[in-house]
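Listed below are the residues making up each chain.
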Amino acid sequence: MWNARVLSLTSRAQVEAEMAAVGVDPLGVRIMLPKALFRVVKVEGLPTNAANIVKQEMLAKGGEAALSWAGSLSASAKTDVLLMGTARHFARLVARLRMHPFGLRDLADELREALDQYESPLPPSVWRGTTFTWGSRTYVMGIVNVTPDSFSGDGLGADVPAVVAQAVRMVEEGADLIDVGGESTRPGHKSVSVKEELRRVLPALHAVRQAVEVPLSIDTYKSEVAAAALAAGADLVNDIWGLRRDPHMAHVVAEAKVPVILMHNQEGTQYTDLMADIMRSLRESIALARVAGIPESNILLDPGIGFGKRREQNLEVLARLDELRVLGRPILVGTSRKSTLGHILGTPPDDRLEGTAATAALAIAKGADILRVHDVKQIVRVARVADAVERGRWQEYS
Amino acid sequence: MARVFLSLGSNVGDRRENLRRAINRLRENVAIDALSSVYDTAPVGLLDQPRFLNLACAGETKLKAHELLIFAKGIERQLGRLPTVPYGPRVIDIDILLYDGVVVHLDDLTIPHPRLRERAFVLAPLAEIAPDAVDPTDGRTIAELWRALPAQDVRPLAEDEGRLADV
């Protein structure tokens, strides 16, 4: 028997290792690597004439393109297109499309950028003297709530010594970053004034800054709060509205030259196509950052699980998290103690640790770079084990 | 490309120079093809402050409406690093009046601009360069809106000083 097997290969590195194991010569590896990984890429709203050209070209290169049956009958209509092929097929398609009119040059550039960013490792980031080597391991962000009314029951209000003790404990337990927030963001909660938010956040930030060395982020969508927090020692901004709520926020971030986490969020839970809409919205937030002069290297993305999404939508985002890699930025995921877990388990927020752990492990398998959690000690352990499986990082922990 | 109409105002420092610098900065992302005269206008809301100089401009831009808002706020911040209060004194104020005939209702952006229909310091310069532009909320033209407005203390500067140099 020949022991035929289907291999579990999703990355170039894995294919390269298998080819090396077979004894393929280096030139052969270079030629065959782009043929080993198959991708399906979706593009939206292509004019039918352009879509038909794309289909012909992709077929000619050995790939395939699926378009709307109705759209193909009407000369004026538009259609979404599913492009199917190997990296080799896509490279040849892109080269060919660049020679066509109808905006196909733009499509070619967008395809190439999407595939490049999906495949390429991210360059490391250095924040506050700490190097974050994306892809090498999962980083954990500890949540410090200085609200009197946090959904997860962990709000510390104005008790600054308790806030400091919690932050110090989280760092001892392995937190790589601490996120300080002064406004509860649970669905339906009413917002607090800038003055009140500053009153809660600034003393806590000052004190935590003295006590821990890890980067601190300020969880706010208000530019005045962000500016004051950065002056008080915060190192990055975590904006749950992705620069959309306050037109000065992008400028505060740009002027301070700090990283910003852009989260997807929306009013209501209506979507045309969940992942497509989230990706489009995140791309819009990235464009807002660009207008203000925030360098792309200072952007992190968060799909906003639990924000503007129903239960099944939150689960779909988690299951398809790896699709966000096309955006080419580190991905932060927050599922900690959220209501979707409560719906599944039938438990209150302070009894959702296992649910948080399950989603943490799955998020890591789907490419998450940072997990934002309440239970640092436990989730750091989850991340170490998941990293050992997913990223082959076991030696340093043994 | 989107066609946009903007309103600019200044009542602090060298007001004419502020307008000139703001227009030049806007050109980084807006191909401005129409510029109104400069109008001398009385403050509205907070009355105890200097008079404003206002103008309107029109042009084409690749920026989305929200991107244009953030771009404009950046110019305001860079030209006038002063804390501002609503209707208070400002080095430069840039408002998006109309954007490609669309209606936008976001938390931080409303198009057409909510003051479009009620403020002569906005409508007078706009009516000069775009009388036939349409308010997409009710289909009325800028000329109609302007005629419907009660008289307000807004006067175009004389021809020789009513144009900005070098813009």
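Anyway, here's the lowdown on the structure attached to this text. Just so you know, the residues in each chain are numbered from 1, in the order the chain's sequence is written. In the order they appear in the text, chains get letters beginning with A and ligands get numbers beginning with 1. pLDDT decides what is reported in this predicted model: residues at 70 or higher carry local features, side-chain atom pairs at 80 or more are listed and counted, and totals for whole chains, interfaces and linings draw on all residues regardless. In computing side-chain values, all of the structure's heavy atoms are included and hydrogens and water are not.

**A short note on the overall build of chain B**
Along chain B, the regular secondary structure elements total four helices and eight strands. Per the convention used, a helix needs a DSSP run of H or I reaching at least four residues, while a strand needs a run of E reaching at least two, with both numbered from the N terminus. Secondary structure elements in chain B, listed N-terminal to C-terminal, are β-α-β-β-β-α-β-β-β-α-α-β. Against the globule reference of 15 Å for 167 residues, chain B gives a C-alpha radius of gyration of 15 Å, in line with a compact fold. Expressed as a percentage of the 167 residues in chain B, the buried residues total 54%. Total accessible area on chain B stands at roughly 7700 Å², and carbon and sulfur atoms take up 51% of it. One way to put it: in chain B the 21 positive side-chain charges average out to a point 3 Å from where the 25 negative ones average out. As a reference, a globule follows 2.2 Å times the number of residues to the power 0.38, and the radius of gyration itself is taken over C-alpha atoms. Relative accessible area decides the class of each residue, using a 1.4 Å probe on protein chains only: under 20% of the type maximum gives buried, over 50% gives exposed, and in between gives partly exposed. Shrake-Rupley sampling with a 1.4 Å probe provides the accessible areas, and residues are treated as covered by the protein chains on show and by no other component. Working convention for charge: Lys and Arg count positive, Asp and Glu count negative, and His plus the chain ends are omitted. The location of each charge is read from NZ of Lys, CZ of Arg, CG of Asp or CD of Glu.

**Structural notes on the interface of chain B and chain A**
Often the size quoted for an interface is simply the accessible area lost on bringing the parts together. Between two residues, a contact is recorded if the distance between any of their heavy atoms is within 4.5 Å. Across the boundary between the two partners, chain B contributes twelve residues, which contact 15 residues of chain A. The term buried area refers to how much accessible surface (probe radius 1.4 Å) is lost by two components on association, counted for both of them together. For the pairing of chain B and chain A, the buried interface totals around 1200 Å² over both sides, and the portion due to carbon and sulfur atoms is 61%. Contact with chain A buries area across many residues of chain B, yet B:Glu67, B:Ile70 and B:Arg77 alone supply 47% of it, more than any other trio. Each reported salt bridge corresponds to a side-chain nitrogen of Lys or Arg within 4 Å of a carboxyl oxygen of Asp or Glu. For the pair chain B and chain A, the interface holds one salt bridge. A salt bridge links B:Arg77 to A:Glu255, with the nearest nitrogen and oxygen atoms 2.8 Å apart. Pairing of N or O atoms within 3.5 Å defines a polar contact, subject to two protein rules: one partner must be a possible hydrogen donor and the other a possible acceptor, and residues neighboring in sequence count only if both atoms are side-chain atoms. Here chain B is connected to chain A by five residue pairs in polar contact (both at pLDDT 80 or more). Class assignment for the residues of the side of chain B that touches chain A results in four nonpolar, two polar and six charged. Classification used: nonpolar for Ala, Val, Leu, Ile, Met, Phe, Trp, Tyr, Cys and Pro, charged for Asp, Glu, Lys and Arg, polar for all others including Gly.

**Observations regarding the side chain of A:Asn314**
Residues and elements named next belong to chain A. Of note, Asn-314 is situated in helix H11 (residues 311–319). Looking at Asn-314, its side chain comes within polar contact range of the main-chain oxygen of Lys-309, at 3.4 Å. Once residues lying within four places of it in the same chain are set aside, the contact partners of Asn-314 are Ile-305, Gly-306, Phe-307, Lys-309 and Thr-340.

**Looking at the sheet that holds strand E7 (residues 177–181) of chain A**
All names here are of chain A. Taken in spatial order, the eight strands of this open sheet run E11-E10-E9-E8-E7-E6-E13-E12, and their pairing is parallel. Since the sheet does not close on itself, it has two edges, and those belong to strand E11 (299–302) and strand E12 (332–333), each with one partner. Bridge count between strand E9 (residues 236–239) and strand E10 (residues 260–263): three bridges; the pairing is parallel. Along E10, the bridge assignment pairs Val-237 with Val-260. We call two strands paired when DSSP finds no fewer than two bridges between them.

**A few points about the pairing of strand E5 (residues 93–99) of chain B**
All names here are of chain B. Burial analysis of E5 places seven of its seven residues in the buried class, the great majority of the element. Sheet topology places strand E1 (residues 2–10) next to E5; six bridges connect them, and they run antiparallel. Paired with Phe-5 across the two strands is Leu-98, which belongs to E5.

**So, the pairing of strand E13 (residues 370–373) of chain A**
Residues and elements named next belong to chain A. Alternating positions in E13 separate into two faces, Ile-370 and Arg-372 on one and Leu-371 and Val-373 on the other, with burial throughout. Bridging between strand E6 (residues 139–145) and E13 involves four bridges; their strand directions are parallel. Considered in E13, the bridge of Met-141 is made with Arg-372. Across two bridges, E12 lies against E13 in parallel orientation. Residue pairing for E13: Val-333 is matched across the bridge by Leu-371.

Fair warning: the whole summary comes from geometry, so function is off the table for now.
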